[in-house]
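Structural overview
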Amino acid sequence: MASLNVEDPAPPVHPCKRRLRIYEEWQGNERFFCWGYLVAGPNWKASIGTAMLISAPAGIFLAFVAPYMGLHVHIIILVISCILPVLAVLFLMLTACRDPGIIPRQDPDPEYLNGQKPSGSSDDVVKRTPATCEVYVNNQRVVIRYNDTCHFYQPPRAHHCSVNDNCIERFDHHCPWVGTTIGLRNYRTFLLFVYTSSVLCLYVFGVCYTSLTPFPHAPFPVAAQCIPALVLMGYTFLFFWFVGGLSVFHAYLVATNQTTYENFRYNHDSRPNPYDRGVLLNCAEVWCSPVPPPKVPFRAYVDEFKPPSEF
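The paragraphs below set out a description of the structure included in this document.

1. Considerations on the overall build of the chain
When its secondary structure is counted, the chain shows 8 helices and 9 strands. A total of 311 residues make up the chain; the buried ones form 41% of that total. Summing over all exposed atoms, the chain offers an accessible surface of approximately 16,900 Å²; the carbon and sulfur share of this is 65%.

2. Observations regarding the packing of aromatic side chains
For the coordinates displayed, the defined rule picks out 14 aromatic pairs. Taken together, a centroid distance of 5.2 Å and an interplanar angle of 75° make the contact between Y146 and Y153 edge-to-face. Taking relative accessible area as the criterion, Y146 reaches 8% and is therefore assigned buried. Looking at Y153, the relative accessible area reads 22%, which means it is partly exposed. Seen in terms of ring centroids, F205 and F237 are 6.5 Å apart; in terms of plane orientation they differ by 40°. Their pairing is tilted. Here F205, found in helix 5 (residues 187-211), pairs with F237, found in helix 6 (residues 223-256); they are 32 residues apart in sequence, far enough to count as distant. Grouped by ring-pair contacts, the aromatic residues Y23, W26, F32 and F298 constitute a single cluster. Sitting over the ring of Y301, R19 keeps its end group 3.9 Å from the ring centre. Positioned above the aromatic ring of Y187 is the side chain of R170, whose terminal nitrogen or guanidinium carbon lies 5.4 Å from the ring centre.

3. Brief notes about the side chain of N166
Position of N166 among the secondary structure elements: in strand 7 (residues 166-168). Owing to a relative accessible area of 0%, N166 belongs among the buried residues under this scheme. A distance of 2.9 Å separates the side chain of N166 from the side chain of E30, its partner in a polar contact. Not counting the four nearest positions on each side in its chain, N166 is found in contact with W26, G28, E30, I102, R105, C150, H159, H160 and C161.

4. Notes on the pattern of salt bridges
Following the criterion strictly, the structure yields 8 salt bridges and no others. Here R157 ties to E262 by a salt bridge, and the two come within 2.8 Å at their closest N and O atoms. Separated by 105 residues along the polypeptide, R157 in the loop between strand 5 (152-153) and strand 6 (159-161) and E262 in helix 7 (residues 260-266) bring together distant segments of the chain. The salt bridge partner of E169 is K295, with a shortest N-O separation of 3.3 Å. Within this pair, whereas E169 is found in the loop between strand 7 and strand 8 (173-175), its partner K295 is found in the segment after helix 8 (279-287), the two being separated by 126 residues in sequence. With respect to burial, E169 and K295 carry one shared label: buried. Through salt bridges with shared partners, one network takes in R19, D303 and E304.

5. Topic: a nonpolar patch on the surface
A contiguous nonpolar surface patch, about 400 Å² in accessible area, is contributed by I75, I76, V79, I80 and I83. The residue V79 is located in helix 3 (residues 75-96) in this model. Judged by its relative accessible area of 37%, V79 is partly exposed.

6. Re the nonpolar core
With 33 residues, the main nonpolar core has F61, V65, Y187 and C208 as its most contacted residues. For this core, the elements supplying multiple residues, two or more each, are helix 1 (45-64), helix 2 (66-72), helix 3, helix 5 and helix 6. The greatest single-element share of this core, amounting to 10 residues, is contributed by helix 5. Look past the residues within four positions of C208 in its chain and what remains in contact with it is F61, V65, A229, L232 and M233.

7. Focus: the pairing of strand 3 (residues 132-137)
Regular strands show a simple pattern: their side chains alternate between the two faces of the sheet. Pairing geometry for strand 3 and strand 4 (residues 140-147), over 6 bridges, is antiparallel. Residue pairing for strand 4: C133 is matched across the bridge by I144. Counted between consecutive antiparallel strands, the loop separating strand 3 from strand 4 contains 2 residues, among which N138 sits at a positive phi close to 55°.

8. Let's talk about the environment of F152
Relative to the assigned elements, F152 resides in strand 5. The class for F152 is buried, based on a relative accessible area of 6%. Expressed as a C-alpha distance, the spacing of F152 and Q106, which sit 46 residues apart in the sequence, is 6.7 Å.

9. Describing the pairing of strand 4
In this sheet, strand 5 lies alongside strand 4 in antiparallel orientation, the contact comprising 2 bridges. From the neighbouring strand, Y146 faces strand 5, where its bridge partner is Y153. Hairpin connection, strand 4 to strand 5: the antiparallel pair is bridged by 4 residues, and H151 has positive phi, about 65°.

10. Some details on unusual backbone geometry
If you check the backbone angles, N138 has positive phi at about 55° while not being a glycine. Looking at where N138 falls in the secondary structure, it is placed in the loop between strand 3 and strand 4. Phi is positive for R170, which is not a glycine, with a value near 45°. Along the polypeptide, R170 turns up in the loop between strand 7 and strand 8.

Conventions and cut-offs
Each chain carries its own residue numbering, running from 1 in the written order of its sequence. Only residues with pLDDT of at least 70 are given local features in this predicted model, and only at 80 or more are side-chain atom pairs given and counted; all residues enter the totals for whole chains, interfaces and linings. The side-chain figures draw on all heavy atoms in the structure; neither hydrogens nor water molecules are used. Only DSSP runs of H or I reaching four residues or more are called helices, and only runs of E reaching two or more are called strands; each is numbered from the N terminus. For every residue, the accessible area obtained with a 1.4 Å probe (protein chains only) is divided by the maximum for its type, and the residue is called buried under 20%, exposed over 50%, and partly exposed between those limits. Method for areas: the Shrake-Rupley scheme with a 1.4 Å probe, in which residue coverage is limited to the protein chains shown. Aromatic pairs are defined between Phe, Tyr and Trp rings, using the six-membered ring for Trp, whenever the two ring centres lie within 6.5 Å; interplanar angles under 30 degrees are classed as stacked, those over 60 as edge-to-face, and all others as tilted. By definition here, charges over rings are those cases where NZ of Lys or CZ of Arg is within 6 Å of the ring centre and within 35 degrees of the ring normal. Definition of a polar contact: a pair of N or O atoms within 3.5 Å, with one able to donate and the other able to accept a hydrogen when the atoms are protein atoms, and with sequence-neighbouring residues admitted only if both atoms are side-chain atoms. Residue contacts are counted whenever heavy atoms from the two residues lie within 4.5 Å of one another. Salt bridge criterion: a side-chain nitrogen from Lys or Arg within 4 Å of a carboxyl oxygen from Asp or Glu. Patches in this entry comprise residues that are over 30% relatively accessible and not in a salt bridge; like charges within 9 Å are linked, as are nonpolar side chains (Val, Leu, Ile, Met, Phe, Trp, Tyr) within 5 Å. Residue types Ala, Val, Leu, Ile, Met, Phe, Trp, Tyr and Cys, when buried and joined through side-chain atoms within 4.5 Å, form a set referred to as a nonpolar core. A pair of strands is labelled paired if DSSP reports no fewer than 2 bridges between them.

Structure, rendered in structure tokens:
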């Protein structure tokens, strides 16, 4: 896709009028922090709640169970117990605070203003430009749609997120636990968050279970340690069914080069997946491809902003 051109000379600005940056006049539902460097979803507080669901039990584990195991088994248990929760929260925040792959909106063109492109209303009867058109991906036909909010034909695999109110490259889904949309630019960190959370659940459950077994030359676990261990075992057991299931599901999606949206929408289609290149190349596309730069320079000034004419 074309990148935004921010090198054109800016028009003169009145000396008494403050120049606004793009994030200050953004039309979507995203929320911006740190002067536009961080881009979060409209329900960004959900990511803080999710971080607390990880941090609170991790704190209990580090206070009551991990020190006992580190003392009587091996100090590496205590080290891993500190690293895994930090990684899970780190990947969560990297996912929640990154532009998922927003495609900048276009200004309505003359065809749209003259009623010659679909506007989404029920009285659209005859249109010169259809609401959909066909392109070919790997010699297979793919239907793309005109989006009347962003005013362009969505590229293949892009979709308009109704929550963030923007078109997202390689749209996967809107995650209520992360509080933002998962797309091309934050899918990898989302996977790392899910997989790390699954490993953390298994690790805490296994260590808590082992801590309830007396060790040679070690005192039998007291109630102050047994009760937190039992509570954490129940907590991680329940949560693992959720994050573990997500881990397996997304491992399948990565191996077959599908998104969650594509899997639910096209799962029953008989035609083959046009993006499937084999397991190894599919995995390499997700895990080894560089993260593309954002299409919208949110820190740029509004008078320097020039949306691309095509993608």
